[in-house]
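Descriptive structure summary
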Amino acid sequence: MELRYGMNVNEKGHLTISGCDTVELAQKYGTPLYVLDEKFVRKNCREIKDAMAKYFPNGKVMYASKALNNLAMLKIVDSEGLGVDAVSGGELYAALKAGINPEKLELHGNSKCEDEIVLAVENQIGCIIADGLDELDLIENVCKKLNKKASVSIRLRPNIDVHAHTAVQTAKMDCKFGFGISDGQALEGAKRIHNSEFMTLCGIHCHIGSQIFEQEPFAVLCGHFVDFAKTLKTELGITVAEFNFGGGFGVRYTAEDQPKPAESFVKVIFDTLDALCTQNGIAVPKVAFELGRFIVGEAGTTLYTVNGVKEIPDVRTYCMSDGGMFENVRTALYGAVYEAACASKMNQNHVKSVAIAGKCCESGDMITFDSPMPESLEVGDILSVFTTGAYNYSMASNYNRNPVPAMVLVNDGKDDLIVKRQTYDDIIANDLIPESLK
Ligand code: LLP
């Protein structure tokens, strides 16, 4: 197992992340514990910003906050100059509370509720990415009521297949997201925005999927964008100001994943757009991305305490962790594969295959199935599971009434708590007992 950026092993044989001893972090904050490496997040932000500066100097980089949305994380990406994409009223509210300039915020969602549109319009956020015709009516009505205008872009569903888990393919024909192009709905949507006194069309958008390693689907998307932009020019006389390519850059979960640098995606898009726009006589518009996993995935590590080691002869060895699907549902939900190590015994050979089990009451609650661990793995050891920064905390639940773990931000030997561990009282805080049961 190759250590990630910012990780090391100290003289005690403990894993360190950005100079912080993970065993000490586990003692100080308890486990399970999400550890977020601030420098790693900033490095990723800079990688995409530098690539954009090279090819699209007026381009825009948003952070898809669904990957990890909390106030400290939002502050970090904001200080790096990224905008923030929210996919619910809750994410938008957090971004506003983090003090992010509303102009740098965007709202997504295939089923936006009126209160979410109200929050967006009242705060005059940069862009609402519309997902369907009914939503345009809702935006129009909310704007009328509030007597405010909204910048709206259109999310397209051009029917692109990518090599990703079916749950995260988002631009196929049979999929709930976006306006179809071939059925005329996207054009109809653009017309409605164009004819509205309350909405302005700020661009077109498409997110093709997640954890993508090939550049080719992005080149294919360029073709769809240019075609549709040309249609809008011919049919409505509109020049599309922005192409938003969504997110999806793949990251490394295991050694099998060979992520490409952000620049390679940006360059393919640059080369393809350059050629296509020239051919079609349109100017290259502003290019935008909204990246989640790429920004935060590898910057996160989860620490666990071993509660037991159960050998099933000739079958496998289960290691009982104090985490599980309530804090990382991705193994159970998508069959995700993670790398792990024994953070308290990094200097011992990791030679014994162990399956890391969660503590929830179902057999499917597993974190890994085959993690090399030291022979001496025992109760009290600290485990580290890598690349848990994206879609772990943000998908956490209180299943089995387990508290959502704390998150600590580490940076050059300094550790700061950024999310408190839930208490049992937090968990029952919204429960009410009707009079008849008292
Ligand atoms: N933009 C839109 C419109 C999206 O729907 C998404 C992710 C992103 C950007 C960011 O994608 P990323 O850069 O993170 O790949 N829970 C799943 C991932 C769901 C992704 C949903 N949309 C998982 O754990 O793999």
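Here is a short report on the structure shown in this document. Note that residues are indexed from 1 along each chain, following the sequence as it is written. Where local features are concerned, this predicted model is filtered to residues with pLDDT of at least 70; where side-chain atom pairs are given and counted, the filter is 80 or more; whole-chain, interface and lining totals use all residues. Side-chain figures throughout are based on the complete set of non-hydrogen atoms in the structure, without hydrogens or water.

This brings us to the side chain of Thr22. For the purposes of this entry, the term helix denotes a DSSP run of H or I that reaches at least four residues, the term strand denotes a run of E that reaches at least two, and both are numbered from the N terminus. With respect to the helices, strands and loops of the structure, Thr22 is situated in helix α1 (residues 22-29). Contact criterion: two residues are considered in contact whenever any of their non-hydrogen atoms come within 4.5 Å of each other. Once you skip the residues sitting within four places of it in the chain, Thr22 turns out to touch Leu15, Thr16, Ile17, Leu303 and Ala343.

Ring pairs are drawn from Phe, Tyr and Trp, using the six-membered ring of Trp, whenever the two centres fall within 6.5 Å, and their geometry is named by plane angle: stacked under 30 degrees, edge-to-face over 60, tilted for the rest. This structure, assessed with the given rule, holds 13 aromatic pairs. Here the aromatic rings of Phe218 and Phe249 are separated by 5.8 Å at their centres, their planes lie at 85 degrees, and the arrangement is edge-to-face. Of the two residues, Phe218 is situated in helix α8 (residues 216-236) and Phe249 in the loop between β12 (242-244) and α9 (262-280); the sequence distance between them amounts to 31 residues. Relative accessibility thresholds used throughout: buried, under 20% of the residue-type maximum; exposed, over 50%; partly exposed, between the two (1.4 Å probe, protein chains only). For Phe218, a relative accessible area of 0% corresponds to the buried category. Using a relative accessible area of 1% as the deciding quantity, one classes Phe249 as buried. Here the aromatic cluster, defined as three or more aromatic residues joined through ring pairs, consists of Phe218, Phe225, Phe243, Phe245, Phe249, Phe265, Phe289 and Phe294. Whether a charge sits over a ring depends on NZ of Lys or CZ of Arg being within 6 Å of the ring centre and within 35 degrees of the ring normal. Its end group placed over the ring of Tyr5, Lys43 keeps NZ or CZ at 5.0 Å from the ring centre.

What follows covers α9. Note: α-helices contain 3.6 residues per turn, so residues at a spacing of three or four share the same orientation. Each helix should span, by expectation, one fewer than its residue count multiplied by 1.5 Å. A rise of 1.5 Å per residue sets the reference length of α9, with its 19 residues, at 27 Å; its end C-alpha atoms lie 27 Å apart and thus fit the reference within 8%. Here α9 has its buried residues at Ala262, Ser264, Phe265, Val266, Ile269, Thr272, Leu273 and Cys277. Gly281, located one to two residues past α9, shows a positive phi value of around 65 degrees.

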